[in-house]
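# Coordinate analysis (summary)
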2 protein chains.
Amino acid sequence: MKVYDHQLEVPGLRMTKQRKEVYRALMENADHPTASQLFDNLKNSQESMSLATVYNCLEALVEHGAIKQVNVDREPTRYCQNSAQHGHFHDQSTGTIHDINFKSGINLIDILDLPEGTEISSLEITLKGTLPS
Amino acid sequence: MKVYDHQLEVPGLRMTKQRKEVYRALMENADHPTASQLFDNLKNSQESMSLATVYNCLEALVEHGAIKQVNVDREPTRYCQNSAQHGHFHDQSTGTIHDINFKSGINLIDILDLPEGTEISSLEITLKGTLPS
DNA sequence: CAACAAACTTAGAATAATTCTAAAAAAGGC
DNA sequence: GCCTTTTTTAGAATTATTCTAAGTTTGTTG
Ligand SMILES: [Mn+2]
Ligand SMILES: [Mn+2]
Ligand SMILES: [Zn+2]
Ligand SMILES: [Zn+2]
């Protein structure tokens, strides 16, 4: 899958060469890579950059809502190209992470017992187990 | 709140002095402490022990389902005395973590779009935001 | 009980993901 | 082109956690 430049814009974020490359590398890698996996991917590419920059770019993209961070236990943080609301499934037999969507017409907040007036800024849902083979 | 020894048993786990003390310290501390906070609490107590042992004991208790681990982003892992299924709310204005229960009669799995035959071994749900003052 | 093996604890060293530092480079407005 | 701000960078620093290897405790067996 090719990703074209004009799709690599993020409202309110200056898209430097490096940020574009990191964003593109993530968009072309659906399997929730770590920062250093992305760094390795980029090493062999035109636009190589330092690991610190990969971290900086990912942080900027996360802050602007373009991508998501995924943490499973204390494993290295992984990054997700899917900016829509969704959950994650960590397949313990392969180590892979898969996106999970919520069934339509359901608002997750409605099933939680929260005090009146709670302000929610983010919601994360992560499962572990094995997928059917 | 005092916690008596006979409540500090965990099926299938040999309860050494150290494991009992770590378990008790967590039971007496409702605010999801870190390993090193528990270590500090225990330093001033009868049964002091090494930080490695606190980690070892917590790991054993987690593996046996007596307590839960809570990870929020990359912050130090926190431990939860509540072994029942529940979620967590991270209050960003205070840094505290609160337990969240699901409304009764609702099965969280039912609202997720999972492939037929998926085996789930754990489910985590974590919110961030602010609670009403 | 004494001997033994297995499980546990320990202090300190090692690890590794991430962040920090401070200097160079790039961007963009005027 | 000049100036200010932002970004990138290499490498050092940080720090939560794990590892190591030696000592201790526990439970078992003869
Ligand atoms: Mn990869
Ligand atoms: Mn505490
Ligand atoms: Zn995802
Ligand atoms: Zn909890």
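Anyway, here's the lowdown on the structure attached to this text. (Residues numbered from 1 in each chain as written. Chains lettered and ligands numbered in written order. Predicted model: local features only at pLDDT ≥ 70, side-chain atom pairs only at ≥ 80, totals over all residues. Heavy atoms only, no water.)

It is worth spelling out the coordination of the zinc ion (ligand 3) at this point. All names here are of chain A. All of the protein donors around the zinc ion (ligand 3) are His-32 (NE2), Cys-80 (SG), His-86 (NE2), His-88 (NE2) and Asp-99 (OD); their distances to the metal are 2.0 to 2.7 Å. One chain supplies every donor to the zinc ion (ligand 3), and in sequence these donors are spaced H-x47-C-x5-H-x1-H-x10-D. Judged by relative accessible area, His-86 falls into the buried class, the value being 4%. Judged by relative accessible area, His-88 falls into the buried class, the value being 6%. (Donors = N, O, S within 2.8 Å, 3.2 Å for Na, K, Ca; no water. Buried < 20%, exposed > 50% of the residue type's maximum accessible area, 1.4 Å probe, protein only.)

A word on the protein's contact with DNA strand C. Close to DNA strand C lie 16 residues; Tyr-55 and Thr-77 of chain A together with Thr-16, Ser-50 and Thr-53 of chain B are nearest. Taking the atoms of DNA strand C that fall within 4 Å of the protein, sugar and phosphate contribute 84% of them. Between Arg-74 of chain B and DNA strand C, the recorded distance is 3.4 Å, taken from a side-chain N or O atom to a phosphate oxygen. Those elements giving two or more residues to the surface near DNA strand C turn out to be α3 (51-63) of chain A together with α1 (17-27) and α3 (51-63) of chain B. A breakdown of the residues in the surface near DNA strand C according to their chemical character gives six nonpolar, six polar and four charged. (Near = heavy atom within 4 Å. Polar contact = N/O pair within 3.5 Å; in protein donor to acceptor, adjacent residues only side chain to side chain. Helix = DSSP H or I, 4+ residues; strand = E, 2+ residues; numbered from the N terminus. Nonpolar A, V, L, I, M, F, W, Y, C, P; charged D, E, K, R; others polar.)

Where interface size is quoted, it is often the accessible area lost as the parts come together. With 37 residues of chain B at the contact, the number on the chain A side is 37 residues. Taking both partners together, chain B and chain A bury about 3200 Å²; carbon and sulfur atoms supply 56% of that area. For chain B, the biggest contributors to the area lost against chain A are Arg-74, Ile-111 and Leu-112 of chain B; these three give 20% of the whole. At the junction of chain B and chain A, the tally comes to zero salt bridges. There are 21 residue pairs in polar contact (both at pLDDT 80 or more) connecting chain B and chain A. Of all the secondary structure elements, the ones that give two or more residues to the side of chain B that touches chain A are β4 (97-102), β5 (112-113) and β6 (119-130) of chain B. Top element by residues in the side of chain B that touches chain A is β6 of chain B. It accounts for twelve residues. Each residue belonging to the side of chain B that touches chain A can be placed in one class, and the counts come to 16 nonpolar, eleven polar and ten charged. Bridge count between strand β4 (residues 97-102) of chain A and β5 of chain B: two bridges; the pairing is antiparallel. (Contact = heavy atoms within 4.5 Å. Buried area = accessible area lost by both parts, 1.4 Å probe. Salt bridge = Lys/Arg side-chain N within 4 Å of Asp/Glu carboxyl O. Pairing = 2+ DSSP bridges.)

Mapped onto the fold, Gly-105 of chain A is located in the loop between β4 and β5 (112-113). For the pair Gly-105 of chain A and Phe-89 of chain A, spaced 16 residues apart in sequence, the C-alpha separation works out to 21 Å.

A separate point is the protein's contact with DNA strand D. Near DNA strand D lie 15 residues; those nearest to it are Thr-16, Arg-19 and Thr-53 of chain A together with Tyr-55 and Thr-77 of chain B. Sugar and phosphate atoms represent 84% of those atoms of DNA strand D found within 4 Å of the protein. Between a phosphate oxygen of DNA strand D and a side-chain N or O atom of Arg-19 of chain A, the distance comes to 2.9 Å. Here a phosphate oxygen of DNA strand D sits 2.7 Å away from a polar atom, N or O, in the side chain of Thr-77 of chain B. For the surface near DNA strand D, the elements supplying multiple residues, two or more each, are α1 (17-27) and α3 of chain A together with α3 of chain B.

Residues and elements named next belong to chain B. Look at helix α2 (residues 35-43) against α3: their axes get within 9 Å of each other, and the N-to-C directions meet at 120 degrees. Considering their axes alone, α2 and α3 lie oblique with respect to each other. Once α2 is placed against α3, the crossing between them reads as right-handed. On α3, the residues touching Ala-35, Ser-36, Leu-38, Phe-39 and Leu-42 of α2 are Leu-51, Val-54, Tyr-55 and Leu-58. (Axes fitted to C-alpha atoms, helices over the stretch in contact; angles between N-to-C directions. Parallel < 35°, antiparallel > 145°, perpendicular 65-115°, else oblique. Left-handed = near helix turned anticlockwise from the far one by under 90°.)

All names here are of chain B. As enumerated under the stated definition, the model contains eight salt bridges over all chains in all. Residue Lys-43 pairs with Asp-40 through a salt bridge whose shortest N-O separation is 3.4 Å. Linking Lys-43 with Asp-40, this pair stays in helix α2, spanning three residues, or about one helical turn. Take Lys-43: its relative accessible area is 48%, and that puts it in the partly exposed class. By relative accessible area, Asp-40 is classed as partly exposed at 38%.

Moving on to the relation of the copies chain B and chain A. Rotating chain B by 180 degrees about the axis while translating it 0.0 Å along that axis superimposes it on chain A, leaving an RMSD of 0.0 Å. Such values leave the two copies arranged in the relation of a two-fold axis. No C-alpha of chain B approaches the rotation axis more nearly than that of Ile-125 of chain B, which lies at 2.2 Å. Both copies share a contact surface, since 100% of the interface residues of chain B are interface residues in chain A too. (Least-squares fit on C-alpha atoms with pLDDT ≥ 70 in both.)

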